[in-house]
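# Architecture at a glance
As a plain string of letters, each chain reads:
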Amino acid sequence: MAAAPPGGAGGSRWTWRPVARDALLARAFHSCTELRGRLYLVGGLLAGGAAAPSADTVVLDPAGPAVRAGARGGPRRSHHDAAALGGRWLCAVGGWDGARRLAAVAALDAERGEWEAWAAAPGSCAPAGLSSHTCTRLSDRELRVAGREGGTRTQRRYGSIYTLRLDPGARTYSYREESCRSASRSGHCAALLPTPGPRPGHQLLLFGGCDSAEPEVAGHWRHGEIREEAPAAPLLTEQLSKLVSSGQGSRHGPRGLRHHSCSVVGPFAVLFGGETLTRARDTICNDLYIYDARRAPSLWFRFPCADRALKRVGHRTCLWNDQLYLVGGFGEDGRTASPQLCILDLFL
């Protein structure tokens, strides 16, 4: 790759390079999911202090501009999560609708271009309400949901972990609470990563959302139990390997970070931005963290940034065509949403 330009992210070996600018992208606490070769942005807050979230669905194609989807019945949600199923469905799970926290599932049928409100199946044990939680695909019909449920008056001292089963044929969903629990977390992220060491498998790790620098295991599976395959990104994986081997990053993980982004790239979890709980002022961050799970014990690498214009909270990153994209989020003031689409550039 080319040598780092003088102005790259305050002289560091990485930056977010703007590749598009569109008012439709200006939102925070939305979801951003790849489906059928396009990015789908659902809901979010269009400005800090907004009374209600957006009900928009925005579709971003690599070959063209962002467009507002004509899908009818879109959910009014923020602080939710979403997952693609079967190459056809985009399922938005939980979130805030402007009045209450939900655990319901709304699904976009990408073939018909319509949103549907799926029903809870008999026996479903739904959370009291979810916001700032995570949903991780375990298979084409199963998600692992983690995070603190309920509002400020009903929050527990621990976080519940649920398995969410989805049935597109019946248009139903079913929650099952797992026996394991996590620390009380909100605004965290989750990463399904290969297990380092002599016994291959997968583990689901939770990062941030509380005053802790240590990841927490929210599920462990033996070799062959998880058939979910992360998108292939051989070039970006190689670049991240070179970056963590460059000696430029400090061995520090994020402490007390929430509403940051996280994307899995091969054996790496790439975290960016967010809001720190460790100080009262200047709380919105612009640091890049890489969690290297190639060997045990796993290692953290922190790559700071001096460019205050890159501060983000409530944003999303999405792996797409071997590149990592940054979409939306509030900037340094915590109120103004970024209209930029950016790509992570590494200068090695």
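Refer to the structure above for everything that follows.
Below is a short write-up of the structure.

The rules behind each value
Residues numbered from 1 in each chain as written. Predicted model: local features only at pLDDT ≥ 70, side-chain atom pairs only at ≥ 80, totals over all residues. Heavy atoms only, no water. Helix = DSSP H or I, 4+ residues; strand = E, 2+ residues; numbered from the N terminus. Buried < 20%, exposed > 50% of the residue type's maximum accessible area, 1.4 Å probe, protein only. Areas by Shrake-Rupley, 256 points an atom, 1.4 Å probe, with all protein chains shown as cover. Lys, Arg positive; Asp, Glu negative; His and termini not counted. Charge placed at Lys NZ, Arg CZ, Asp CG, Glu CD. Salt bridge = Lys/Arg side-chain N within 4 Å of Asp/Glu carboxyl O. Pairing = 2+ DSSP bridges. 1 Å grid on protein atoms, 1.4 Å probe; cavity = no way out; pocket = protein on both sides within 12 Å on 5 of 7 lines; lining within 4 Å. Points joined across faces, edges and corners; volume = space filled by probe spheres on them. Nonpolar A, V, L, I, M, F, W, Y, C, P; charged D, E, K, R; others polar.

## What about the overall build of the chain?
Helix and strand counts for the chain come out as 1 helix and 26 strands. For the chain, the spread of C-alpha atoms along the principal axes amounts to about 55 × 50 × 40 Å. Burial status across the chain gives 55% buried among its 348 residues. As displayed, the chain has an accessible area near 15000 Å², and 48% of this comes from carbon and sulfur atoms. Taking the 43 positively charged and 32 negatively charged side chains of the chain as two groups, their mean positions are separated by 4 Å.

## Here we look at the pattern of salt bridges
If the charged atoms of two oppositely charged side chains come close together, the side chains can form a pair. As enumerated under the stated definition, the model contains 25 salt bridges in all. The partner of Asp56 in a salt bridge is Arg27, with the nearest N and O atoms 3.8 Å apart. With Asp56 in the loop between strand S3 (38-42) and strand S4 (57-60) and Arg27 in the loop between strand S1 (14-21) and strand S2 (31-35), this pair connects stretches of sequence that are 29 residues apart. With a shortest N-O distance of 2.5 Å, Glu332 and Arg308 are connected by a salt bridge. Placement of the pair is Glu332 in the loop between strand S25 (323-327) and strand S26 (340-346) and Arg308 in the loop between strand S23 (299-303) and strand S24 (316-320), with a sequence separation of 24 residues. Owing to a relative accessible area of 41%, Glu332 belongs among the partly exposed residues under this scheme.

## Observations concerning unusual backbone geometry
In this structure, the amide linkage connecting Ala296 to the following residue, Pro297, adopts the cis form with an omega of -5°. As for its placement among the helices and strands, Pro297 is situated in the loop between strand S22 (288-292) and S23. The phi angle at Arg171 is positive, at roughly 60°, despite the residue not being glycine. On the secondary structure map, Arg171 appears in the loop between strand S13 (158-167) and strand S14 (172-183). The exposure class assigned to Arg171 is partly exposed, which follows from its relative accessible area of 28%. In this structure, Asp322 takes a positive phi of about 65° despite not being glycine. Locating Asp322 in the fold gives a position in the loop between S24 and S25.

## Here we look at the sheet that holds S4
The strand order across the open sheet built from 4 strands is S2-S3-S4-S5, with neighbouring strands paired in antiparallel fashion. Each edge of the sheet is formed by a strand with only one pairing partner; in this case those strands are S2 and strand S5 (67-68). Taken together, the 4 bridges between S3 and S4 define a ladder with antiparallel strand orientation. Bridging across to S4, Val42 finds its partner in Thr57.

## Description of the layout of surface pockets
The calculated volume of the largest pocket comes to roughly 1300 Å³. Lining the largest pocket are 49 residues; nearest its centre among them are Cys135, Ala190, Cys262, Ser263 and Val264. For the lining of the largest pocket, the element with the highest residue contribution is strand S15 (residues 189-194), accounting for 6 residues. Class assignment for the residues of the lining of the largest pocket results in 21 nonpolar, 21 polar and 7 charged.

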